[in-house]
Amino acid sequence: MKDYYEVLGVPRNASPEDIKKAFRKLAHAHHPDKAHGDEKKFKEINEAYQVLGDEKKRAQYDRFGTSQFSQGAGGGGHDQSWDFNNFAQDFDNFDFGDVFQDFFGFGGAGGTSGRRNVVRGRDIAIDLELSFKESIFGTERKVLINKLGTCAACKGDGADPGSGHITCTSCNGTGTVRETRRSFLGAFTQMRQCTICFGKGKVPEKKCKECAGAGVKKGSEEIAINVPAGITAGEMIKIPGAGEAVSGGIPGDLYIKIHVLAHPRITREGADLLYPLDVTVTDALLGTDRIIETLDGDIKIQIPTSTNSGDVLRVRGRGVERARSGRGDLLVKITVKAPKKISRRARELLEKLKEEGL
């Protein structure tokens, strides 16, 4: 005697939701239309779920066992004439469209699906190298890409300019064709987009000479890329519809991966820019003004008296553009550089400073 709970791998006190989940998982694993499917095991799983998935049948099974469900089963242990549509309705939280797409290549549970799958062109991915300054302030770049694009002659219509369209004889103008497939579960009917007119219901009376009626043609296209200010290395820019075109569908997207070249001096830390600056001992002690070359051009900064190595001078508003709060800051990090060689005159002066306690 079969133990339906053991077949589904659930305890006898399993909740209805646990039983559904167990069946769903096993159905995926053992469906005979899959590479390593097992028809016998799949039928056994179905049989167990038909009983345990129904509250009344489950109560009878718990009380009397499998004998209550063998009548009319022809030795199979359950009624083989069950209605697949009712079976699918048990899955109020389960998308059977995905399952049937995996199993049979189409959607719907045992019936006709009126939805048309929109054909989409291929996405394109490219790399774009920016200078450090371009990444901070943003820029516009133009790139030339070889791809399938909309035919310029017919504007994607597929018809020779000046000619009209006629009703597609394959789908009789409906844009869809009925297709029936069979499996051990029975016949399944679906409506597929017509591959002759690509769902339009009409075909060119005279095909475009440039694209042979496809509406798309291989060629080069110049695309402008607006790089936003403050972009970082590794970020992606997406341009919808700038990918490859496809007959009877919508174009794919263009993805641009950003690479940023290093600056010889300046580095980035979030919204701030770090600028290392070496100063002499005397400039650090006495203070001075320095002209430094930044991304904004030359600016003058003041080195205060008694500046220590490691001190940071903040120049506000000279950093990276932020979305809502303006630019970050330029942080000038001071390093006090002692001379490698000291002249006799300098040594004498230093000795006097030493006497002063400096």
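Starting afresh in each chain, residues are numbered from 1 along the sequence in its written order. Where local features are concerned, this predicted model is filtered to residues with pLDDT of at least 70; where side-chain atom pairs are given and counted, the filter is 80 or more; whole-chain, interface and lining totals use all residues. Hydrogens and waters are ignored; side-chain quantities use all the structure's heavy atoms.

Undergrad: Summarise the overall build of the protein chain; cite the residues concerned and give the values.
TA: Along its length, the protein chain carries nine helices and 17 strands. With 358 residues in all, the protein chain has 35% of them scored as buried. Any two residues having at least one pair of non-hydrogen atoms within 4.5 Å are treated as being in contact. For the protein chain, long-range pairs separated by at least 24 residues make up 61% of all intrachain contacts whose partners lie at least 6 apart in sequence. Note on areas: Shrake-Rupley with a 1.4 Å probe; residue coverage comes only from the protein chains shown. Accessible area of the protein chain: about 21,700 Å², with a carbon and sulfur share of 48%. Numbering of helices and strands runs from the N terminus, with a helix taken as a DSSP run of H or I at least four residues long and a strand as a DSSP run of E at least two residues long. Accessible area is worked out with a 1.4 Å probe on protein chains only. A residue is then buried under 20% of its type maximum, exposed over 50%, and partly exposed in between.

Undergrad: Account for the UniProt feature "binding site: Zn(2+) 1" (unreviewed entry) in the protein chain, with residues named and values stated.
TA: UniProt positions are given in the numbering used here, feature names are shortened, and annotations may be inferred rather than shown by experiment. According to UniProt, the "binding site: Zn(2+) 1" (unreviewed entry) feature falls on Cys151, Cys154, Cys208 and Cys211. Taking the farthest pair of C-alpha atoms as the criterion, the annotated set spanning 61 residues converges on one region, since that pair is 9.1 Å apart. Examined against the element boundaries, cysteine 151 turns out to sit in the loop between strand S2 (139-150) and strand S3 (165-167). Given the relative accessible area of 1%, cysteine 151 is considered buried.

Undergrad: Let's hear about the packing of helix H2 (residues 16-30) against helix H3 (residues 39-52): which residues, and what values?
TA: The description of two helices packed together rests on the angle between their axes and the distance between the axes. Orientation is described by axes fitted as lines to C-alpha atoms, over the contacting stretch for helices, and by angles from 0 to 180 degrees between their N-to-C directions. Running from N to C, H2 and H3 cross one another at 165°; their axes reach a closest spacing of 9 Å. Put simply, H2 runs roughly antiparallel to H3. Crossing of H2 over H3 shows left-handed handedness. Residues Ile19, Lys20, Phe23, Leu26, Ala27 and His30 of H2 lie in contact with H3, whose contacting residues are Glu39, Lys41, Phe42, Ile45, Asn46, Tyr49 and Leu52. When residue character is reported, Ala, Val, Leu, Ile, Met, Phe, Trp, Tyr, Cys and Pro are called nonpolar, Asp, Glu, Lys and Arg charged, and the others, Gly included, polar. Its residues assigned to classes, the contact of H2 with H3 comprises eight nonpolar, two polar and three charged. The cut-offs work like this: below 35 degrees is roughly parallel, past 145 is roughly antiparallel, 65 to 115 is roughly perpendicular, and the gaps in between are oblique. If you view the pair so one helix is near and one far, a crossing is left-handed when the near helix is turned anticlockwise from the far one by less than a right angle, and right-handed when it is turned clockwise.

Undergrad: Kindly report on the pattern of salt bridges, identifying the contributing residues and their values.
TA: One side-chain nitrogen of Lys or Arg within 4 Å of one carboxyl oxygen of Asp or Glu is enough to make a salt bridge. Enumeration over the complete set of coordinates arrives at 17 salt bridges. Between arginine 120 and aspartate 123 there is a salt bridge; the shortest N-O distance is 3.0 Å. Judged by its relative accessible area of 30%, aspartate 123 falls in the partly exposed class. Across the salt bridge formed by glutamate 244 and arginine 122, the nearest N and O atoms sit 3.2 Å from each other. A residue pair is termed long-range when its members are at least 10 positions apart, and glutamate 244 in the loop between strand S8 (236-239) and strand S9 (254-260) and arginine 122 in the loop between helix H6 (96-104) and strand S1 (124-130) qualify at 122 residues. Of the residues examined, glutamate 244 reaches a relative accessible area of 7% and is grouped as buried. Residue classification places arginine 122 among the exposed residues on the basis of a relative accessible area of 51%. In this structure, a network of salt bridges that share partners links the residues Arg120, Asp123, Lys238 and Asp253.

Undergrad: Quick one: what's the story with the sheet that holds strand S10 (residues 267-269), residue by residue and with numbers?
TA: Spatial ordering of the open sheet is given by S10-S11-S17-S14, a layout of four strands whose pairing is mixed. One side of each edge strand has no neighbouring strand; the edge strands of this open sheet are S10 and strand S14 (312-315). Neighbour to neighbour, the strand axes of the sheet diverge by 35° on average, direction disregarded. By definition, two strands form a pair when at least two bridges between them are found by DSSP. The sheet contact formed by S10 and strand S11 (residues 272-280) spans three bridges and is antiparallel. Bridged to glutamate 269 within S11 is aspartate 272.

Undergrad: Give a description of the side chain of serine 247 that names residues and reports values.
TA: Relative to the assigned elements, serine 247 resides in the loop between S8 and S9. Here alanine 214 takes part through its backbone oxygen, which lies 2.8 Å from a polar atom of the side chain of serine 247. Aside from chain neighbours lying at most four places away, what touches serine 247 is Phe198, Ala214 and Val216. Pairing of N or O atoms within 3.5 Å defines a polar contact, subject to two protein rules: one partner must be a possible hydrogen donor and the other a possible acceptor, and residues neighboring in sequence count only if both atoms are side-chain atoms.

Undergrad: Tell me about the nonpolar core, and name the residues and values.
TA: The nonpolar core is taken to be a set of buried Ala, Val, Leu, Ile, Met, Phe, Trp, Tyr and Cys residues, with the residues joined through side-chain atoms within 4.5 Å. With 19 residues, the main nonpolar core has Leu273, Leu277, Ile292, Ile301, Leu330 and Val332 as its most contacted residues. Listed by contribution, the elements that provide at least two residues to this core are helix H7 (132-137), S11, strand S13 (297-303), S14 and strand S17 (330-337). Considering each element in turn, this core owes the most residues, four residues, to S11.

Undergrad: Would you mind going over the sheet that holds S9 in detail, with residue names and values included?
TA: Spatial ordering of the open sheet is given by S1-S9-S8, a layout of three strands whose pairing is mixed. Both outer strands of the open sheet, S1 and S8, are each paired with one neighbouring strand and no more. In this sheet, adjacent strand axes meet at a mean angle of 25° when their direction is disregarded.

Undergrad: Outline the environment of serine 309, supporting the account with residue identities and numerical values.
TA: For serine 309, the position within the fold is in the loop between S13 and S14. On a C-alpha basis, the gap between serine 309 and valine 279 in space is 8.8 Å, while along the polypeptide they are 30 residues apart. The residues touching serine 309, leaving out its near neighbours within four places in the chain, are Ile334, Thr335 and Val336. Looking at serine 309, its side chain comes within polar contact range of the main-chain nitrogen of valine 336, at 3.3 Å.

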